[in-house]
Amino acid sequence: MTQLDELLEEAALREIRGLPVREALRKLFETGLIDRRRCERLAIRHDVERLQARGIPRCEALEVAARTYCCSYEKARNAFYDKTK
């Protein structure tokens, strides 16, 4: 970790110090310190994997995720397959 990383980490910690976890996360989202788009992609990926583990075929799991996250099937598919973003 670089010195800059440590300074930025401290700045973020000052924003949430003393807050309960859920409230701290909410504040980080509101201030833009957490990337909503990246979190959405991660959540979609985890949901599809969870559904597949329950025996639901991948295409159907992607359809469920698209409905759950109010997005297109293509967006859900992209979130699942493109792990670089």
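You'll find the structure just up there.
Residues numbered from 1 in each chain as written. Predicted model: local features only at pLDDT ≥ 70, side-chain atom pairs only at ≥ 80, totals over all residues. Heavy atoms only, no water.

Novice: What's the story with the packing of aromatic side chains in this structure? I'm lost.
Specialist: Within a pair of aromatic rings, the relevant descriptors are the distance that separates the centres and the angle that separates the planes. According to the stated counting rule, one finds 1 aromatic pair in the structure shown. When the ring of F80 is compared with that of Y81, the centres are 5.0 Å apart and the planes differ by 85 degrees; the resulting orientation is edge-to-face. Under the relative-accessibility criterion, F80 is labelled buried at 6%. (Phe/Tyr/Trp six-rings, centres within 6.5 Å; stacked < 30°, edge-to-face > 60°. Buried < 20%, exposed > 50% of the residue type's maximum accessible area, 1.4 Å probe, protein only.)

Novice: What is the right way to look at helix α1 (residues 3-16) in this model?
Specialist: A turn of α-helix holds 3.6 residues, and therefore any two residues three or four places apart point the same way. With 14 residues, α1 ought to run about 20 Å at 1.5 Å a step, and its terminal C-alpha atoms sit 20 Å apart, in line with that. Downstream of α1 by a residue or two, G18 has a phi angle that is positive, lying close to 85 degrees. (Helix = DSSP H or I, 4+ residues; strand = E, 2+ residues; numbered from the N terminus. Expected span 1.5 Å × (residues − 1).)

In short, shape yes, function no, at least from these values alone.
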